[in-house]
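Reading the structure
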Amino acid sequence: MKLYPQTFERRDGLCYIGGISIKDLVQKYYTPLYIVCAQTVKSRVESFKESFKKYLPFESRIAFAGKSLCVTGFLKKLKELDTWLDVVSGGELYTAIKAGFDMKRIYFHGNNKSFEELEFAIKSNVGYIVVDGFSEIEKIRELSKKYNYIPCMIRISPGIEAHTHEFIKTGKIDSKFGFPIGEDAIKAVKELSSIDSVKFKGIHAHIGSQIFDSKPYVELVNVMFDFANKLNNEGFTLENINFGGGFGIAYTEEDYPLSIEEFVKDISLEIVKNMKKYSMKDLAFTVEPGRSIAGPSGITVYRVGSIKKINGFVPYVAVDGGMADNPRYALYKAKYHAELDEKTEIFQEVKIVGRFCESGDMLIEKIMLPEVNVGDLLLVFATGAYNYSMASNYNRFGRPAMVMVEDGKDTLIVRRETYEDIVSHDM
Ligand SMILES: Cc1ncc(COP(=O)(O)O)c(C=O)c1O
Ligand SMILES: N[C@H](CCC[C@H](N)C(=O)O)C(=O)O
């Protein structure tokens with residue numbers, strides 16, 4: 001099934017991932033449990049790389065969007081796979097440092113970076129600070145008194161509407177992110193370049209997330225080249241154009257996003273056309289996939305703790321997690337696919353709810369499952385991105401553990417939070 005991580009399989013009535021039975025993993029690490037399939041991560045990264053190699057005769061960079069899953073163990077895996085990285089906070093940057101990431105391969109984003117975060121990034125020698133607004137330019141001007149090399153790009157809002165959830169559209173002109181393309185963006189480049197320590201490196205845009213087709217990207221490539229050409233005409237040279245992330249994934253059988261290769265092909269062909277049209281050279285191109293690498297690599301395992309049947313209504317199946325480890329239904333009415341660990345024969349429609357004190361604490365509004373009993377293990381698929389990274393301690397539940405599996409080996413990359421962890425910040 002397209003929603004399964006690559007190494008997921010059912011054998012003799014049990015589910016396996018990375019060559020290990022989920023029952024065994026749960027015995028060792030309890031529930032809820034996030035499981036990451038390293039093989040899927042690897043093959044999705046390779047898929048980006050191979051596709052660019054095939055269709056783009058220029059340098060390409062795959063910068064993993066840390067916001068989708070930023071934990072040391074996961075970033076170490078990406079480092080092994082030789083990716084770049086996009087971070088949006090001092091905390092994500094610190095995690096990258098802990099993972100031993102090459103700082104030169106980091107893009108530092110954010111619409112309201114603090115002075116301290118900017119200084120931290122400059123001191124850490126990050127590859128690029130992606131400047132997001134005029135207030136940030138003033139912070140950089142101040143920092144230039146102390147530091148003599150500040151590599152900057154600008155984020156532009158390109159005026160492109162991607163068809164996705166309203167909350168995750170970011171390319172519109174009326175957006176909190178970036179400089180509106182046109183006069184403002186040109187003014188930003190001029191102001192930045194007039195600062196002695198600043199080395200202007202290029203332009204970036206991100207149009208939104210969970211996008212299923214390549215049309216808005218093709219439009220984006222054209223808009224970015226048109227703008228790059230304007231900058232060239234004003235005397236500015238660029239070394240990098242970054243098209244952001246947003247490549248959609250399937251959460252249910254009804255989702256049909258383009259494959260990684262299809263996205264990359266369409267983007268690359270448009271880049272090639274534009275390079276010719278404007279006779280440009282010596283440019284590197286970046287994409288920042290988060291969800292499309294981390295998402296399909298992860299599953300979450302819960303244990304069913306209570307079942308409530310109400311005459312004439314769909315039964316409630318409550319698991320030992322919910323909106324604090326996966327807030328995406330509460331935020332976006334996001335849909336997920338789930339299955340039971342040891343049973344496959346479809347039997348009834350149920351609602352999957354969590355254990356948090358909120359009626360909107362739902363994981364799946366409606367799903368057909370086999371007969372469910374208290375104690376069963378429920379697997380929710382495609383939870384690798386924006387689950388752990390958006391998790392909270394609501395109701396003072398600890399965040400679940402995360403384990404990475406590969407070739408029959410399991411590695412704990414996040415330990416389960418204890419009661420002590422939960423009170424550890426209280427004074
Ligand atoms: C600047 C930037 N790059 C990349 C991403 C990654 O998006 P996605 O996880 O949809 O690929 C986002 C948004 O999440 C973003 O804001
Ligand atoms: N930061 C991304 C969206 C992240 C969406 C993510 N939080 C989700 O759960 O889908 C953006 O602005 O395009």
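Residues numbered from 1 in each chain as written. Chains lettered and ligands numbered in written order. Predicted model: local features only at pLDDT ≥ 70, side-chain atom pairs only at ≥ 80, totals over all residues. Heavy atoms only, no water.

Summing up its helical and strand segments, the protein has twelve helices and 21 strands in all. Whereas a compact globule of 427 residues would reach a radius of gyration of roughly 22 Å, the protein reaches 23 Å, a difference of no more than 12%. Projected onto its principal axes, the C-alpha coordinates of the protein cover approximately 70 × 50 × 40 Å. Each of the 427 residues in the protein was classed as buried or not, and the buried ones make up 56%. Within the protein, residue pairs in contact and separated by at least 24 positions form 71% of the contacts whose partners lie at least 6 positions apart. (Helix = DSSP H or I, 4+ residues; strand = E, 2+ residues; numbered from the N terminus. Rg over C-alpha atoms; globule rule 2.2 N^0.38 Å. Buried < 20%, exposed > 50% of the residue type's maximum accessible area, 1.4 Å probe, protein only. Contact = heavy atoms within 4.5 Å.)

With respect to spatial proximity, 15 residues lie near ligand 1, and among them Ser209, Gly246, Glu288, Arg291 and Tyr386 are the closest. Interatomic distance of 2.3 Å between a side-chain N/O atom of Ser209 and an oxygen atom of ligand 1. One of the backbone N or O atoms of Gly246 is found 2.8 Å from an oxygen atom in ligand 1. A total of 390 Å² of accessible area belongs to ligand 1 in isolation, and the protein chains cover 93% of it. Put simply, ligand 1 lies in the largest pocket. The residue inventory of the shell around ligand 1, partitioned by class, reads three nonpolar, seven polar and five charged. (Near = heavy atom within 4 Å. Polar contact = N/O pair within 3.5 Å; in protein donor to acceptor, adjacent residues only side chain to side chain. Areas by Shrake-Rupley, 256 points an atom, 1.4 Å probe, with all protein chains shown as cover. 1 Å grid on protein atoms, 1.4 Å probe; cavity = no way out; pocket = protein on both sides within 12 Å on 5 of 7 lines; lining within 4 Å. Sits in = over half its atoms within 2 Å of the grid points. Nonpolar A, V, L, I, M, F, W, Y, C, P; charged D, E, K, R; others polar.)

Attention now goes to the nonpolar core. By size, the foremost hydrophobic cluster in this structure holds 89 residues, and its most contacted members are Phe74, Ile129, Ile140, Ile154, Ile203, Phe225 and Ile241. Considering each element in turn, this core owes the most residues, eight residues, to helix α8 (residues 215–233). Looking at which domains feed residues into this core, each of domain 1 (9–37 + 295–423) and domain 2 (38–293) supplies at least three. If near-sequence neighbours (up to four positions away) are discounted, Ile129 is found in contact with Phe108, Lys113, Leu118, Ala121, Ile122, Glu136, Ile140, Ile150, Pro151, Cys152 and Met153. Of all hydrophobic cores here, the second largest spans 20 residues; its members include Tyr302, Val317, Ala338 and Leu340. (Core = buried A, V, L, I, M, F, W, Y, C linked by side-chain atoms within 4.5 Å. Domains from an automatic or database assignment.)

What follows covers the pairing of strand β15 (residues 316–319). When strand β14 (residues 298–308) meets β15, the two strands line up antiparallel, connected through four bridges. Residue pairing for β15: Ser306 is matched across the bridge by Ala318. With three bridges joining them, β15 and strand β17 (residues 348–353) adopt parallel strand pairing. If you follow Val317 over to β17, its bridge partner there is Ile352. (Pairing = 2+ DSSP bridges.)

Where charged atoms from two side chains of opposite charge approach closely, those side chains can pair. Applying the stated criterion to the full structure yields 25 salt bridges. Two residues, Lys187 and Glu191, come together in a salt bridge whose shortest N-O distance is 3.9 Å. Of the two residues, Lys187 and Glu191 are both situated in helix α7 (residues 183–193); the distance of four residues between them amounts to about one turn of the helix. Here Lys187 falls in the partly exposed class, since its relative accessible area comes to 44%. Among the salt bridges present, the one from Lys230 reaches Asp226, with a minimum N-O distance of 3.1 Å. With Lys230 and Asp226 both in helix α8, this residue pair falls four residues apart, about one helical turn. Note on Lys230: relative accessible area 43%, which makes it partly exposed. (Salt bridge = Lys/Arg side-chain N within 4 Å of Asp/Glu carboxyl O.)

Our next topic: the domain arrangement of the protein. Taken as a whole, the protein is organised into domain 1 (9–37 + 295–423) and domain 2 (38–293). Between domain 1 and domain 2, the residue contacts involve 23 residues of the former and 23 residues of the latter. Here domain 1 packs against domain 2, burying approximately 2,000 Å² in sum over the two surfaces, 64% of which is carbon and sulfur. Our enumeration of links across domain 1 and domain 2 arrives at one salt bridge. A salt bridge links Lys77 to Glu406; the shortest N-O distance between them is 3.1 Å. Linking domain 1 to domain 2 there are 13 residue pairs in polar contact (both at pLDDT 80 or more). Listing elements by their share of the side of domain 1 that touches domain 2, those giving two or more residues are β4 (33–37), α11 (328–332), β20 (401–406) and β21 (409–414). Of the residues belonging to the side of domain 1 that touches domain 2, the class tally is 15 nonpolar, five polar and three charged. (Buried area = accessible area lost by both parts, 1.4 Å probe.)

A few words on unusual backbone geometry. Residue Pro32 is reached from Thr31 by a cis peptide bond, and omega for that bond is -10°. The topology assignment puts Pro32 in the loop between α1 (22–29) and β4. Phi angles above zero are rare outside glycine, and Tyr30 is one such case at about 65°. By the element assignment, Tyr30 lies in the loop between α1 and β4. A residue is classified by how much of its surface remains accessible, and Tyr30, at 57% relative accessible area, is exposed.

As a further point, take the packing of aromatic side chains. Within the structure shown, the criterion is met by 20 aromatic pairs. For the pair Tyr107 and Tyr128, a centre-to-centre distance of 4.7 Å together with 10° between the ring planes defines the contact as stacked. Taken together, the positions of Tyr107 in strand β7 (residues 106–108) and Tyr128 in strand β8 (residues 128–131) put the pair 21 residues apart, joining distant regions of the chain. Taking the relative accessible area as the measure of exposure, Tyr128 reaches 4% and is therefore buried. For the pair Phe225 and Tyr278, a centre-to-centre distance of 6.4 Å together with 0° between the ring planes defines the contact as stacked. One end of the pair, Phe225, is in helix α8; the other, Tyr278, is in the loop between α9 (260–277) and β13 (284–287), with 53 residues separating them in the sequence. Here Phe225 falls in the buried class, since its relative accessible area comes to 0%. By the ring-pair criterion, three or more aromatic residues cluster together here, those being Phe58, Phe225, Phe243, Tyr278 and Phe285. A cation sits over an aromatic face here: Arg11 above Tyr16, 3.9 Å from the ring centre. Geometry around Phe134 places Lys187 over its ring, the cationic atom sitting 4.7 Å from the centre. (Phe/Tyr/Trp six-rings, centres within 6.5 Å; stacked < 30°, edge-to-face > 60°. Lys NZ or Arg CZ within 6 Å of the ring centre and 35° of its normal.)

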